[in-house]
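Geometric and topological summary
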Amino acid sequence: MTVRISPAWAELLKNEFEKPYFIELTDKVRGEYLSKSVYPAPKNIFRAFDLCPPREVKVVILGQDPYHTPGVADGLAFSSLPTNPVPPSLQNIYKEIESEFGITCEQTPDLTRWAKQGVLLLNASLTVESGLANSHVLYGWHTFTDAVIKAISDKLEHVVFLLWGSFAGKKEELIDFSKHHILTSAHPSPLSAYKGFLGNGHFKEANEFLEEMGRTPINWR
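Bear in mind the structure is a predicted one, so any value in this text is a computation, not a measurement.

1. Observations regarding the overall build of the protein
Within the protein one finds nine helices and six strands. Expressed along its principal axes, the backbone C-alpha trace of the protein runs to roughly 45 × 35 × 25 Å. Residues counted as buried form 55% of the 221 residues belonging to the protein. Partitioning the contacts of the protein with sequence separation of at least 6, the portion at a separation of at least 24 is 66%. Entry remark: accessible area of the protein is about 10,200 Å², with carbon and sulfur atoms responsible for 53%.

In structure tokens, the structure reads:
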């Protein structure tokens, strides 16, 4: 099975692409794109990987699935195309960063600048049907992205995992605590941000860990 993903990730994940579930997954997703409106654009399905090679991964931020509104999803969790308004969850992310560092964040929906610094903005499902959140949740994407998290845990060192909300928090069991730093809290959605996301200190703590490990911190601005 040929997958259009960066060569370094293709090598790291090569065993997954030949498994029956992944072959079935790609067949299903291909059919959906041919018959329905599905996001993100096909070229952006693996964009998070293309912008952030394995050797450069410093932080993993896990989302659930792409935005299902037309013209919003860009292939990066919590991010959107630069011509769009800042999504509500990202507004709260910026609010937390500004509080932690005493800075003003650039109010852009596009998180490409984070991805290029080593932040893997990974959705658990990489595709979604228009207007139907979690519509591809049973297609096999979770098996694949769980394998991604496990590969990062097993093959890389000193990565910070930011797991927000109960769904993301369940991924803790895939990660080696002895090698990596795991931070959990409520989700930044307006429905839950005031239940523990705002004030969690995750961005400063992530940078402190990276510096302790001799890695360059992220410029979250």
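2. Description of the nonpolar core
Formed by 67 residues in total, the largest nonpolar core has its most connected members in Phe46, Phe49, Ile61, Trp114, Leu120 and Phe144. If one sorts the elements of this core by residue count, helix α7 (residues 141-155) sits on top with six residues.

3. Overview of the packing of helix α3 (residues 20-35) against α7
For any two helices packed against each other, the geometry comes down to the angle between their axes and how far apart the axes lie. At a minimum axis separation of 9 Å, α3 and α7 run at an interaxial angle of 125°. Of the possible angle classes, the one that applies to α3 and α7 is oblique. When the axes of α3 and α7 are compared, the crossing they make is left-handed. From α3, Tyr21, Phe22, Leu25 and Val29 reach across to α7, where they touch Trp141, Thr143 and Phe144. Its residues placed into classes, the contact of α3 with α7 shows six nonpolar, one polar and no charged.

4. Observations regarding unusual backbone geometry
Omega for the peptide link from Tyr39 to Pro40 comes to 0°, which places this bond in the cis form. Inspection of the secondary structure assignment puts Pro40 in the loop between β1 (38-39) and α4 (47-51). The backbone of Phe78 sits at a positive phi, close to 70°, despite the residue not being glycine. Mapped onto the elements of the fold, Phe78 is located in the loop between β2 (59-63) and α5 (88-101). Judged by relative accessible area, Phe78 falls into the buried class, the value being 8%. One non-glycine residue, Asn134, lies in positive phi territory at about 60°. Tracing the chain through its elements places Asn134 in the loop between β4 (128-129) and α7.

5. Looking at the packing of aromatic side chains
Across all of its chains, the model carries 17 aromatic pairs by this definition. Measuring from centroid to centroid gives 4.9 Å for Phe203 and Trp220, while their planes differ by 75°, and the two rings are edge-to-face. Taken as a pair, Phe203 in helix α9 (residues 202-212) and Trp220 in the segment after α9 lie far apart in primary sequence, 17 residues in all. Trp220 matches Phe203 in its accessibility class, with the two residues each being buried. Here the aromatic residues Trp9, Phe17, Tyr21, Phe22, Phe46, Phe49, Trp141 and Phe144 are joined through ring pairs into a cluster of three or more.

6. Quick word on the pattern of salt bridges
Tallied over the entire structure, the rule returns ten salt bridges. A salt bridge links Glu129 to Lys36, with the shortest nitrogen-to-oxygen separation between them at 3.6 Å. Highlighted residues: Glu129 in strand β4 and Lys36 in the loop between α3 and β1, separated in sequence by 93 residues. Exposure remark for Lys36: the relative accessible area of 39% places this residue in the partly exposed category.

Cut-offs used in this document
- Residues numbered from 1 in each chain as written.
- Predicted model: local features only at pLDDT ≥ 70, side-chain atom pairs only at ≥ 80, totals over all residues.
- Heavy atoms only, no water.
- Helix = DSSP H or I, 4+ residues; strand = E, 2+ residues; numbered from the N terminus.
- Buried < 20%, exposed > 50% of the residue type's maximum accessible area, 1.4 Å probe, protein only.
- Contact = heavy atoms within 4.5 Å.
- Areas by Shrake-Rupley, 256 points an atom, 1.4 Å probe, with all protein chains shown as cover.
- Core = buried A, V, L, I, M, F, W, Y, C linked by side-chain atoms within 4.5 Å.
- Axes fitted to C-alpha atoms, helices over the stretch in contact; angles between N-to-C directions.
- Parallel < 35°, antiparallel > 145°, perpendicular 65-115°, else oblique.
- Left-handed = near helix turned anticlockwise from the far one by under 90°.
- Nonpolar A, V, L, I, M, F, W, Y, C, P; charged D, E, K, R; others polar.
- Phe/Tyr/Trp six-rings, centres within 6.5 Å; stacked < 30°, edge-to-face > 60°.
- Salt bridge = Lys/Arg side-chain N within 4 Å of Asp/Glu carboxyl O.

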